[in-house]
Amino acid sequence: MLRMMTWNIRTGGRDRTGPDRRDLVCRVVTAQAPDVLAVQELRGFDRPGVLAGFADRVGMRPYLARSCFGQPVAVLVRPPWRTRHAGPVRRPLHHAAQRVELATTAGPLTVFSAHLDPYTGLRRRIEAGWLAGAVRRAPGELALLAGDLNTLDPGTDHTDRVARLPAAYRRRHLRRDGRTVDTRAVARLLAAGLVDLWTRTADPADAGGSAGAGLTAPTRHGGGVEFSGMRLDYLLGTRALAARLRDFQVVRGGDTEYASDHYPVVADLDLDPA
């Protein structure tokens, strides 16, 4: 069984003014013990030794994609899972995307850690197209796109949720007409054949944003004034991968309420290392 986790840890787990949250981040990762960790907002992790030190603390091997405009992202892999290839998605994303190909007994599994543009839906839609192309080029039938897509899903009515946002942040989730909620980035990825893994395990009664609806931001004490109870963090898999899903959860409570403004998302997949 492979345990997959994605998490935006907010500015590298360390605020410019405020607490250092990196010990909390490490405790959460250690408690969840993912085999593969897609992590975003790694401010400062491109400095010598920072990512290596974090990876050592959680017992994983790191693969970092640097960012020209925003913050790095990474994929971390726990032995005995074996990495066949790794490298950044070479497109001018606002943040970055990292690709890691793992050896499994069912064939190669390609995992992407991505963080889409936080400011405009049009830019996110373009970045989603680049990622859809990268997924298409992955070998075999098993691929997983994980990360903070900064986009609401197209299958839910988000009118009230967006209306609760301060005006400065509301614009990030509206199209140019100022009324229509912009869900185009996730819609483009779903149209490319990816499956939203949350929909495979969610209770239908959760539709529309009730307490168990997979909302990932904000946490109770980690900040996040730009959020109003939103699902922005996703695990999107190919159909062959989605068929191997065994469990899915948003991890809440304890250290997660303070470690970041996003909750971690975890999925268990019926895959074994080769």
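Residues numbered from 1 in each chain as written. Predicted model: local features only at pLDDT ≥ 70, side-chain atom pairs only at ≥ 80, totals over all residues. Heavy atoms only, no water.

As a further point, take the overall build of the protein chain. Secondary structure summary: the protein chain contains nine helices and twelve strands in total. At 17 Å, the protein chain has a C-alpha radius of gyration in line with the 19 Å of a compact globule built from 274 residues. Within the span of the protein chain, comprising 274 residues, buried residues form 56% of the whole. Restricting the contact set of the protein chain to residue pairs at least 6 apart, pairs at least 24 apart contribute 69%. Accessible surface for the protein chain amounts to roughly 11,600 Å². Of this, 48% is attributable to carbon and sulfur atoms. Charged side chains of the protein chain number 40 positive and 29 negative; the gap between the two group centres comes to 6 Å. (Helix = DSSP H or I, 4+ residues; strand = E, 2+ residues; numbered from the N terminus. Rg over C-alpha atoms; globule rule 2.2 N^0.38 Å. Buried < 20%, exposed > 50% of the residue type's maximum accessible area, 1.4 Å probe, protein only. Contact = heavy atoms within 4.5 Å. Areas by Shrake-Rupley, 256 points an atom, 1.4 Å probe, with all protein chains shown as cover. Lys, Arg positive; Asp, Glu negative; His and termini not counted. Charge placed at Lys NZ, Arg CZ, Asp CG, Glu CD.)

Here the focus is the nonpolar core. Leu-2, Met-4, Leu-109, Leu-235 and Leu-271 are the most contacted members of the largest nonpolar core, which totals 30 residues. Every residue in contact with Leu-271, bar those within four places of it in the chain, is listed here: Met-1, Leu-2, Trp-81, Thr-104, Ala-106, Leu-109, Leu-142, Leu-241 and Arg-244. Listed in part, the 23 residues of the second largest apolar core include Met-5, Ile-9, Phe-54 and Met-60. (Core = buried A, V, L, I, M, F, W, Y, C linked by side-chain atoms within 4.5 Å.)

To continue, consider the pairing of strand β6 (residues 96-103). Of all eight residues making up β6, seven are buried, and the element is well covered by its neighbours. Pairing of strand β5 (residues 82-88) with β6, which is carried by six bridges, proceeds in the antiparallel orientation. Note that in β6 the partner of Ala-86 across the bridge is Val-100. Of the strand pairs in this sheet, β6 and strand β7 (residues 109-115) are connected by seven bridges, and their pairing is antiparallel. The residue of β7 that forms the bridge with Ala-96 is His-115. (Pairing = 2+ DSSP bridges.)

This paragraph deals with a positive patch on the surface. Together, Arg-91, Arg-125, Arg-136, Arg-137, Arg-175 and Arg-188 make up a region of like positive charge exposed at the surface. Among the structural elements, Arg-175 can be located in the loop between α5 (167-170) and α6 (184-191). (Patch = residues over 30% accessible without salt bridge, like charges linked within 9 Å, V, L, I, M, F, W, Y side chains within 5 Å. Salt bridge = Lys/Arg side-chain N within 4 Å of Asp/Glu carboxyl O.)

Sheet architecture is open: six strands sit in the order β5-β6-β7-β8-β10-β9, paired in mixed fashion. The two strands at the open ends of the sheet, each matched to only one other strand, are β5 and β9 (195-196). Against the sheet, helix α3 (residues 121-136) engages β6, β7 and β8 (142-148), with an angle of about 170 degrees to β7. Along the sheet face, α6 touches β8, β9 and β10 (233-237) and points at about 15 degrees away from the line of β10. (Axes fitted to C-alpha atoms, helices over the stretch in contact; angles between N-to-C directions.)

This part covers the sheet that holds strand β4 (residues 73-77). Taken together, the six strands give an open sheet; going across it, the order is β3-β4-β2-β1-β12-β11, and neighbouring strands pair in mixed fashion. At either end of the open sheet lies a strand with only one pairing partner, and these are β3 (61-65) and β11 (245-250). For this sheet the average axis-to-axis angle between neighbouring strands, irrespective of direction, equals 15 degrees. Sheet contacts for helix α1 (residues 22-32): β1 (2-8), β2 (36-40), β11 and β12 (265-269); angle to β1, the most-contacted strand, approximately 160 degrees.

Don't take any of this as a statement about function, it's just geometry.
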